[in-house]
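What follows is each chain in one-letter form.
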Amino acid sequence: MTAEPGGALLVVGDVVTDVVARHRGPLAAGTDTAASIRRLPGGAGANVACWAAYGGCGDVRMLGRVGADSAAWHERELAAHGVRPVLVVDPEVPTGTVICLVDTGDSAERTFLTDSGASLRIGPGDWSDRLLDGVARLHLSGYLLFSEPSRALVPVALAAARARGVPVSLDPASAGFLTGLGVGRFLDLVAGVDVLLPSRDEACLLTGLPDPADAAAKLSRHVPLVVAKQGAEGALVARSGAVCARVPATPASPRDSTGAGDAFTGAFLAALLAGAGPEEAAVAGCRAGARAVERVGGRPPRAAD
């Protein structure tokens, strides 16, 4: 399923607060490790929305759930990135928080400690079919699949999108959480999705295949278009059981890999909405991923930055 160029992108998913701690080398157990620590807006879904707006999509909307503790801040941050926030304020729990431990060595690899808080309490009651008015593409954060309330929202949103002919994309989000959910259950839940955007590890986990190209090809028998993100090795585009394009990475000097996959996804979707084909959109995604790893945090620059 394809959409006509133009129209809005609706992202449904997580809006969280990132606490990014950048350190060098192994953590010193039982004592102090020097680090540079910043509090930043984040969340895979929210990051995708911001990168889509940065990539040129003129109408990006973000449905998420936050706590009263930081709702106003997150609304301001999304709006500053050109995203229209549609945030539900949870009366009982605070906004989700992710502690991002970033090794500032050559790989800039990161480890997440996640308290989902309000973000995964979003549910069918927070959905309205009116959210799809004017929407040309719907993107679902894979984190929605990892809690009962938000998992129940997925089929509701998918059915509403199908009824309106709106194509749907999904990013599996986390190999660790996927393992807990189960591959079979994941594939059942994403039936009806038009575009799947896994990382290399997620693609291999979902298929049991060690080679990412084989994994992407196999997944494209379940989902019409699969774009496997491979970091420094670029991206693979697969359709109908075969890899149809290998897109090289854009060179970068990594500082923080947080949100690089979200940047790829946001730029990829913005390019599709502008009328690009999957390979051209993947090139845009690789450029955004390279830009992301050269910044601290998961968001693109704002106009005032």
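Residues numbered from 1 in each chain as written. Predicted model: local features only at pLDDT ≥ 70, side-chain atom pairs only at ≥ 80, totals over all residues. Heavy atoms only, no water.

Q: Could you clarify how one ought to interpret the pattern of salt bridges in this entry?
A: Side chains that differ in charge, positive against negative, can pair when their charged atoms come close. Summed over all chains, the structure comprises 11 salt bridges. Two residues, D171 and K229, come together in a salt bridge whose shortest N-O distance is 2.5 Å. A residue pair is termed long-range when its members are at least 10 positions apart, and D171 in strand β9 (residues 168–171) and K229 in strand β11 (residues 225–229) qualify at 58 residues. Comparing D171 with K229 shows no difference in burial state: the two are buried. It is possible to trace a salt-bridge network through shared partners that takes in R65, D90, E92, R121 and D126. (Salt bridge = Lys/Arg side-chain N within 4 Å of Asp/Glu carboxyl O. Helix = DSSP H or I, 4+ residues; strand = E, 2+ residues; numbered from the N terminus. Buried < 20%, exposed > 50% of the residue type's maximum accessible area, 1.4 Å probe, protein only.)

Q: Would you take a moment to explain unusual backbone geometry for this structure?
A: Residues apart from glycine generally show negative phi values, whereas peptide bonds are mostly found in trans. The backbone of A173 sits at a positive phi, close to 85 degrees, despite the residue not being glycine. When you line up the elements, A173 lands in the loop between β9 and α4 (175–181). Residue S240 is not a glycine yet carries a positive backbone phi of 50 degrees.

Q: What's the story with helix α1 (residues 44–54) in this structure? I'm lost.
A: Residues spaced three or four apart along an α-helix point in a common direction, a consequence of the helix completing one turn every 3.6 residues. Counted residue by residue, α1 has 10 buried out of 11 residues, so it is predominantly covered. Every buried residue of α1 is accounted for by A44, G45, A46, N47, V48, A49, C50, W51, A52 and A53. One or two residues past the end of α1 sits G56, with phi positive at roughly 110 degrees.

Q: Whenever I open this one, the packing of helix α6 (residues 200–207) against helix α7 (residues 212–219) confuses me. Can you help?
A: A pair of packed helices is characterised by two quantities: the angle between their axes and the separation of those axes. It is the contact of α6 with α7, at a shortest axis distance of 8 Å, that shows an interaxial angle of 65 degrees. Where α6 crosses over α7, the handedness of that crossing is left-handed. Only P212, A215, K218 and L219 of α7 make contact with α6, whose side of the interface consists of R200, A203, C204, L206 and T207. Along the lines of polarity and charge, the residues of the contact of α6 with α7 split into 6 nonpolar, 1 polar and 2 charged. (Axes fitted to C-alpha atoms, helices over the stretch in contact; angles between N-to-C directions. Left-handed = near helix turned anticlockwise from the far one by under 90°. Contact = heavy atoms within 4.5 Å. Nonpolar A, V, L, I, M, F, W, Y, C, P; charged D, E, K, R; others polar.)

Q: Mind showing me how you'd approach the sheet that holds strand β7 (residues 110–115) here?
A: Within a beta sheet, neighbouring strands are joined by backbone hydrogen bonds and run either parallel or antiparallel to one another. Taken together, the 4 strands give an open sheet; going across it, the order is β3-β2-β6-β7, and neighbouring strands pair in mixed fashion. Two strands in the sheet have a free side with no partner beyond their single neighbour: β3 (36–42) and β7. Pairwise comparison of adjacent strand axes, ignoring direction, gives a mean angle of 20 degrees for this sheet. In this sheet, strand β6 (residues 96–103) lies alongside strand β2 (residues 16–23) in parallel orientation, the contact comprising 8 bridges. Note that in β6 the partner of D18 across the bridge is V98. Its contacts with the sheet put helix α2 (residues 71–80) on β2 and β3, and the angle it makes with β3 is roughly 80 degrees. (Pairing = 2+ DSSP bridges.)

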